[in-house]
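Residue strings, one per chain:
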Amino acid sequence: MADNASVEVAVSVGNQKLNKKASKSKNKDKGADSLKDGTVLKELSPWPEYINDRIKLWDRLKAEYDADVAAKTPESINITLPDGKVVEGQSWRTTPYKVAAGISQGLADATIIAKVNGAVWDLDRPLEGHCSLALLKFDDEDAQQVFWHSSAHMLGEAMERVYGGCLCYGPPIESGFYYDMFYDGKSVSSEDFSCLDSVVKGIMKEKQPFERLEMRKEDLLEMFKYNPFKLRILQEKVTTPTTTAYRCGPLIDLCRGPHVRHTGKVKAFVVTKNSSTYWEGKAEAESLQRIYGISFPDAKQLKEWQKFQEEAAKRDHRKIGREQELFFFHELSPGSCFFLPRGAHIYNTVMNFIKAEYWERGFQEVITPNIYNSKLWEMSGHWQHYSEHMFSFEVEKERFALKPMNCPGHCLMFDHRPRSWRELPIRMADFGVLHRNELSGALSGLTRVRRFQQDDGHIFCTQDQIKEEIRGCLNFLKKVYATFGYSFTLFLSTRPDKYLGEVHVWEDAEKQLEESLDAFGWPWKLNPGDGAFYGPKIDITIMDALKRPHQCATIQLDFQLPERFNLQYDSGEEKKRPVIIHRAILGSVERMIAILTESYGGKWPFWLSPRQSIVVPVGPQFDEYAQTVAKQVHDAGFLCEADLDLGTTMNKKIRNAQLAQYNFIFVVGEKEKTNHSANVRTRDNKVHGEYSIPDIINKFSVMTQEKSLHSEENF
């Protein structure tokens, strides 16, 4: 998501429909919104004085910059398009927009942003030399991020004009954007949204151009002297003599850019929710107000998004978990889930599935302590970088902490006796309970918790075994995700600018990862420079039933932990260091259950279902037989109940069972009792007819073994 330094504290929301009452004039009541206490929220009149001060300085410096560019002598340059075609242009005169318009005006109008030599570039920014040029539309991920970043600036402009607060960070996120603002003890309400939407509508109509300017640090310090948060960014984050700022209308902000050409490119915009947050995620720092939004270049896309949000709300795992009595949370143990019997059944079934795969794939399950002396975390390096996210306490004048991850403990296991090359690879698996001290406001159902378990695995192997082990990890995740019904995308993340170890070791490891991915036969993409500092990795993104991406699995090479723990094995000739492969497929079991709940919408496949079957007698005289059937199925290892409620009709019982998502409903009466059978129907009201109880149990066994997603259809 967005800036990791920002952490939500409390969310008050709701998706808001696009405000259709655009202001017809620019009078002082523009965007007025009546509040519950009788006060009216409206655009400030006049605007805060700092806005005019900023603009005066900007206009002077921008005029100097424009004169400097005009004075440059243009030279002929070659612009190479993605299809290999070369277009001629002039340095400091030709822009990507002019090139696009030269191809077709439709292309120019549809283009969101350009890429020049692989880097995103403003459409109206002059090209400076020979280059490659790509024109990106909204369906491109980079273009979406730019579009939403520009929309965040539009929201920031509205926030300044309505609240007059100090803007902080305003980045694009996975789906939309937000802006943080210091509002000096005041708070934002969801009732403010229509006012903000109205102001932004006016900004859209004005087609305010986005202007880029490289400014000296001292000029920026003068420009933002009213805003202590921008001053902190300049003093703490900006280490160069100059940096860039962007302007749209009266808003001027520190920004790397790039942006869309003008605010009129945004055709649909809506504020979606608000929350509180801390400055850079530090609980001891100032409290900020955060406002989220979403935008699109076409109003139809907003309607589709709103429809999608409605469907997602119906599938919210917190809602389904409550309705199906799967799990709950309690204020006396925040961030720690209480799994009720039906939820625990899903949890255990998922873990048993992974354990069975471990057995087939040569993993050895281990059990490690929950509490370690802080000296372990100092040795691993986690204490220096992660201690604030750990639950720590004092025992007999020594500092201890609950483990947030398993890898250091596994290093101790590897090192507890001498190792030989004949033992490698060693594949350790651990479902140990982990704890991470997440801020209370960041907690969100099962997707962000303090107590969780992972299908955590660590493979200790030689350098030459990396390729084969990675291939095994990829086949493992393919099997698991296919079983759940997920598609997935693979990314290879290579050596970052800041890394540990020798370049030749990195290059060899990256080559082995590439060869493993190629041999796997699945499409993959390269993420240059996005590896961890301790080794390259393969990132895996899954897509759920709503086509939402989730990153759960990870496969990471680690050259550093073996160094830190001085791990060695006897190669037969000398002592050598093993390589560690960190791998997880589910990631957090809790988070995976949240994703499964929402992807299935509460309609669990039979093998995972907490409500596999129920027996409905046609009348009370068959209650005893219904109980007998339920017991037979239960004793065979499947979930089965009998509905013996005397106050409910048979048809009502069947309907209740269907709504409760029982996969199979067994109706029993005189005929079924005589034949030792049941009449089988599904939650979707498909009637399969009469089957003997042994036949039903046999079919259930096959369904469980095959883990079919559509057992009801294929009964």
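Since we're looking at a predicted model, the values are computed, not measured.

Visitor: What is the right way to read the overall build of the protein from this model?
Guide: Each helix and strand counted, the protein has 21 helices and 38 strands in total. Seen along its three principal axes, the alpha-carbon backbone of the protein occupies a region of about 95 × 75 × 65 Å. Within the protein, the proportion of its 715 residues that are buried is 52%. Nonlocal contacts in the protein, meaning residues at least 24 apart in sequence, comprise 69% of its contacts between residues at least 6 apart. Looking at the protein as shown, the accessible area adds up to about 33,700 Å², and 49% of this sits on carbon and sulfur atoms. The protein carries 93 positive and 99 negative side-chain charges, and their two centres are separated by 4 Å.

Visitor: Please explain the sheet that holds strand β12 (residues 211–216) as it appears in this structure.
Guide: Whenever strands of a sheet pair, they do so through backbone hydrogen bonds, lying parallel or antiparallel. Pairing is antiparallel across the open sheet formed by 3 strands, whose spatial order is β12-β13-β14. Every interior strand has two partners, whereas the edge strands, β12 and β14 (251–254), have only one. With direction set aside, neighbouring strand axes in the sheet form an average angle of 30°. Looking at chain direction, strand β13 (residues 242–248) and β14 are connected through 4 bridges and run antiparallel. Bridge pairing in β14 places alanine 245 opposite leucine 254.

Visitor: Just checking my understanding: could you explain the nonpolar core for this structure?
Guide: Soluble globular proteins tend to bury their nonpolar side chains together. Core analysis: the biggest nonpolar cluster contains 56 residues, and Tyr481, Phe484 and Ile538 have the highest contact counts within it. Counting residues per element, this core draws most heavily on helix α14 (residues 466–484), which supplies 9 residues. Excluding residues within four positions of it along the chain, isoleucine 538 makes contact with Ile470, Leu474, Leu490, Phe491, Leu492, Leu513, Leu517, Thr554 and Ile555.

Visitor: Help me understand the side chain of histidine 582, please; the structure alone is not making it clear to me.
Guide: Examined against the element boundaries, histidine 582 turns out to sit in strand β33 (residues 579–584). In contact with histidine 582, other than residues within four places in its own chain, are Cys407, Gly457, His458, Thr554, Ile555, Gln556, Asp558 and Leu561.

Visitor: How do you make sense of the sheet that holds strand β38 (residues 687–692) when you look at a structure like this?
Guide: Here 5 strands make up an open sheet; going across it, the order is β35-β34-β36-β37-β38 and the pairing mixed. If you trace the sheet from one side to the other, it starts and ends with β35 (640–642) and β38, each paired once. Averaged over all pairs of adjacent strands, the angle between their axes in this sheet comes to 25°, without regard to strand direction. Summarising the sheet, strand β34 (residues 613–617) and β35 pair through 3 bridges and their orientation is parallel. Within β35, the position partnered with valine 615 by the bridge is alanine 642. Along the sheet face, helix α19 (residues 650–659) touches β34, β36 (664–668) and β37 (677–682) and points at about 170° away from the line of β34.

Visitor: Would you mind going over the confidence of the model for the protein with me for this structure?
Guide: It should be kept in mind that the predicted coordinates are not to be read in detail where pLDDT is low. Summary statistics for the protein give a mean pLDDT of 91 and a share of 94% for residues scoring 70 or more. In this model residues 1–32 is a low-confidence stretch, pLDDT under 50, and it forms 95 contacts with partners more than four residues away in sequence or in other chains.

Visitor: Explain unusual backbone geometry to me, please; I cannot follow it from the model alone.
Guide: Most peptide bonds take the trans form, and the phi angle of most residues other than glycine is negative. Here the residue pair serine 45 and proline 46 is connected by a cis peptide bond, since its omega of 5° sits within 30 degrees of zero. Mapped onto the elements of the fold, proline 46 is located in the loop between β3 (40–41) and α1 (49–71). Between leucine 424 and proline 425 the backbone carries a cis peptide bond, its omega angle lying at 0°. A positive phi angle, near 55°, is found at asparagine 566, a position not held by glycine. Tracing the chain through its elements places asparagine 566 in the loop between α16 (560–564) and β31 (569–570). Take asparagine 566: its relative accessible area is 42%, and that puts it in the partly exposed class.

Visitor: Would you mind going over the packing of helix α4 (residues 141–162) against helix α5 (residues 193–206) with me for this structure?
Guide: When two helices pack together, their arrangement is given by the angle between the helix axes and the distance between those axes. One can describe the packing of α4 onto α5 by two numbers: an axis separation of 9 Å at closest approach and a directional angle of 120°. When the axis of α4 is compared with that of α5, the two are oblique. Our pair here, α4 against α5, has a crossing hand that is right-handed. In this structure, α4 uses Met154, Leu155, Glu157, Ala158, Met159, Arg161 and Val162 to contact α5, whose residues at the interface are Cys195, Leu196, Val199, Val200, Ile203 and Met204. Its residues assigned to classes, the contact of α4 with α5 comprises 11 nonpolar, no polar and 2 charged.

Visitor: Honestly, the side chain of histidine 410 in this entry has me stumped. Any pointers?
Guide: With respect to the element layout, histidine 410 can be found in helix α13 (residues 407–414). The class for histidine 410 is buried, based on a relative accessible area of 0%. Excluding anything up to four places from it in sequence, histidine 410 contacts Val366, Thr368, Met428, Asp430, His458 and Phe460.

Visitor: How should I be thinking about α14 in this particular structure?
Guide: Since there are 3.6 residues in each turn of an α-helix, residues three or four apart along the chain are aligned in direction. With 19 residues, α14 should cover 27 Å at 1.5 Å per step; its first-to-last C-alpha distance of 27 Å lies within 8% of that length. Within α14 the residues assigned to the buried category are Ile466, Glu469, Ile470, Cys473, Leu474, Phe476, Leu477, Val480, Tyr481, Thr483 and Phe484. Once α14 ends, the next one or two residues include glycine 485, with phi positive near 90°.

So, how was this worked out
Residues numbered from 1 in each chain as written. Predicted model: local features only at pLDDT ≥ 70, side-chain atom pairs only at ≥ 80, totals over all residues. Heavy atoms only, no water. Helix = DSSP H or I, 4+ residues; strand = E, 2+ residues; numbered from the N terminus. Buried < 20%, exposed > 50% of the residue type's maximum accessible area, 1.4 Å probe, protein only. Contact = heavy atoms within 4.5 Å. Areas by Shrake-Rupley, 256 points an atom, 1.4 Å probe, with all protein chains shown as cover. Lys, Arg positive; Asp, Glu negative; His and termini not counted. Charge placed at Lys NZ, Arg CZ, Asp CG, Glu CD. Pairing = 2+ DSSP bridges. Axes fitted to C-alpha atoms, helices over the stretch in contact; angles between N-to-C directions. Core = buried A, V, L, I, M, F, W, Y, C linked by side-chain atoms within 4.5 Å. pLDDT = per-residue confidence, 0-100. Parallel < 35°, antiparallel > 145°, perpendicular 65-115°, else oblique. Left-handed = near helix turned anticlockwise from the far one by under 90°. Nonpolar A, V, L, I, M, F, W, Y, C, P; charged D, E, K, R; others polar. Expected span 1.5 Å × (residues − 1).

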